[in-house]
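Summary of the model geometry
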Amino acid sequence: MPKTATSFACTDCGWSTSKWVGRCAECGEWNTVVEAAAPSGVLRALKPLSIAGERQARPIVEIRADAASHWPSGIVEFDRVLGGGIVPGAAILLSGEPGVGKSTLLLEVASKAAAAYDRVLYVSAEESASQVRLRAERTGALHDNLYLAAETELGAIVGQIDAVKPGLVIVDSVQTVASENVGGLAGGPAQVREVAVTLIRVAKERNIPILIVGHVTKEGNIAGPRLLEHLVDVVCQFEGDRQTPLRFVRALKNRFGPTDEVGCFEMTGDGIAEVPDPSGLFLSRSVIPVSGTCVTIAMEGRRPLPVEVQALVVPTESPSPRRITSGVDPARVAMLIAVLDRRAGLSALRKSDVYVSTVGGVRVTEPAADLAIALAIASATNGGTVANETAAFGEISLAGDIRPAPATKQRTSEAGRLGFSTLIDADALHISFALPKGITPAAG
């Protein structure tokens, strides 16, 4: 019998030590180091197993790929993010802040899939079956092929899968499911790892796609061990501002498609609705041009969206003028104000409060919005106006140069489709981007 030595290992990252410590030296987490008995000495060589049949290695060109083809979920915007639909045997993790609409979206996916394909099992570990039924009735997600179970034990969930034999499984959520084979409370690193590994193994062995809901921390990261994101095939983030009905689904990881697609949804009283063309959601309805406004074409993934940037410049006697922003990066706004002061001669900004915001609550952080923000601030400073048919995009450097924005072809095409006849970019505007009073930019 080999001798055993007492060791301690972190349940989050696997770091090991010979004595117990309160904080893991590798990942920095507290109270994750537990005692583990590990064999010491020379490990015996593993006995090789005989491999035959389907498990035997074959040339990759002989592997059939039709078994891993996408099938549409019935929600076009969700399929866009997944790369065309749901792949059989895939493990998909959907994370988001509380109340953003994760359960509502997946209940809609379950209803569409049950109506178009096969049985769907929706496992709720946070709500009772009657509560989910009420939400399904309100959103119109009732169907005979949609099976509902309220379980918090991993073994019971696997038993429900064996009994129903569904074509799609949804587990809401992984942090509220526990396994009796692992100690600790539900949501702990060890429990989340065990639940995720078991569900993924069930998905691969039985070729059943599983959608898993994941909680997020205060910092916006997925709760639990980082291993969870490595194990699943697709990681989607459901985000949005509670003050606005607009929601976005982004793919942070996707083994079956691109990761730069974005799905747009709108929360309504009857549930969640797709927004196939959100172009008009971030523009004001003013017919007469107003000073301090400019439209940019922002890229949300591979989707171009017109976003109106508004600025207000108010003189102040305070020695420290305020810079208030909403929907844009405050650091970039402060940089643009300095560039306008130094390179464009707008010294009035030194003694003025500057307010910059986007219409509709959308957040734009890409540098391509620099030119529109600068034009809006310059317009608000000198009283000039930018024509409603004008759109601007480009990155502004500290030297005052305008750099071309990525995906210029997509931005230009979208601007033309929406009726913007004048485009201001790196080719049309070089050094002086401050608008003289009462002058609108010429067609580029």
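One can find the structure itself at the top, above this paragraph.
Read on for an overview of the structure. Keep in mind that this is a model prediction, so the values were computed, not measured.

This next bit is on the overall build of the protein chain. On a plain count of helices and strands, the protein chain comes out with nine helices and 20 strands. Dimensions along the principal axes, computed over C-alpha positions, put the protein chain at roughly 85 × 55 × 50 Å. Residues counted as buried form 45% of the 444 residues belonging to the protein chain. Pairs at least 24 apart in sequence give 68% of the contacts found in the protein chain among residues at least 6 apart. When the accessible area of the protein chain is evaluated, it comes to approximately 22500 Å², of which 53% is carbon and sulfur surface.

Next up on the list: the pattern of salt bridges. Applying the stated criterion across every chain yields a total of 19 salt bridges. With a shortest N-O distance of 2.7 Å, Asp 233 and Arg 255 are connected by a salt bridge. Within this pair, whereas Asp 233 is found in the loop between α6 (227-231) and β9 (234-239), its partner Arg 255 is found in the loop between β10 (246-254) and β11 (262-268), the two being separated by 22 residues in sequence. Classification of Asp 233 by relative accessible area gives buried; the value is 3%. Shared partners join several salt bridges into a network, and the residues in it are Glu 77, Arg 80, Glu 261, Arg 302 and Arg 303.

By the secondary structure assignment, Arg 133 is in helix α3 (residues 129-139). In the structure, Arg 133 is positioned 15 residues away from Leu 148 in sequence and 8.4 Å away in space, judged by C-alpha atoms. Leave out the neighbours within four places in its chain, and Arg 133 touches Leu 142 and Leu 148.

Turning next to the packing of aromatic side chains. Inspection of every chain in the model, using the stated rule, returns two aromatic pairs. A cation over a ring is seen here: Arg 250 above Phe 248, with NZ or CZ 5.6 Å from the ring centre. The ring of Phe 393 is capped by Arg 411, whose NZ or CZ atom sits 5.9 Å from the centre of that ring.

Quick look at α3 now. Along α3, the positions that sit buried rather than exposed are Val 132, Arg 135, Ala 136 and Thr 139. Relative to the axis of α3, the buried residues are bounded by an arc of 100° and lie together on one face. The inward-facing, buried residues of α3 contact α2 (102-116), β5 (120-124), β6 (146-149) and β12 (271-274). Gly 140 sits one or two positions beyond α3 and adopts a positive phi of about 70°.

Attention now moves to the layout of surface pockets. Taken as a whole, the largest pocket holds about 530 Å³ of empty space. Lining the largest pocket are 25 residues; nearest its centre among them are Glu 239, Gly 240, Phe 248, Arg 250 and Arg 363. Elements that contribute at least two residues to the lining of the largest pocket include exactly β9, β10 and β13 (293-300). Tallied by class, the residues present in the lining of the largest pocket amount to ten nonpolar, eight polar and seven charged. In this structure, the second largest pocket encloses a volume near 320 Å³. Grouping the amino acids of the lining of the second largest pocket by side-chain chemistry returns five nonpolar, six polar and four charged.

About the thresholds
Residues numbered from 1 in each chain as written. Predicted model: local features only at pLDDT ≥ 70, side-chain atom pairs only at ≥ 80, totals over all residues. Heavy atoms only, no water. Helix = DSSP H or I, 4+ residues; strand = E, 2+ residues; numbered from the N terminus. Buried < 20%, exposed > 50% of the residue type's maximum accessible area, 1.4 Å probe, protein only. Contact = heavy atoms within 4.5 Å. Areas by Shrake-Rupley, 256 points an atom, 1.4 Å probe, with all protein chains shown as cover. Salt bridge = Lys/Arg side-chain N within 4 Å of Asp/Glu carboxyl O. Phe/Tyr/Trp six-rings, centres within 6.5 Å; stacked < 30°, edge-to-face > 60°. Lys NZ or Arg CZ within 6 Å of the ring centre and 35° of its normal. Arc of directions from axis to C-beta. 1 Å grid on protein atoms, 1.4 Å probe; cavity = no way out; pocket = protein on both sides within 12 Å on 5 of 7 lines; lining within 4 Å. Points joined across faces, edges and corners; volume = space filled by probe spheres on them. Nonpolar A, V, L, I, M, F, W, Y, C, P; charged D, E, K, R; others polar.

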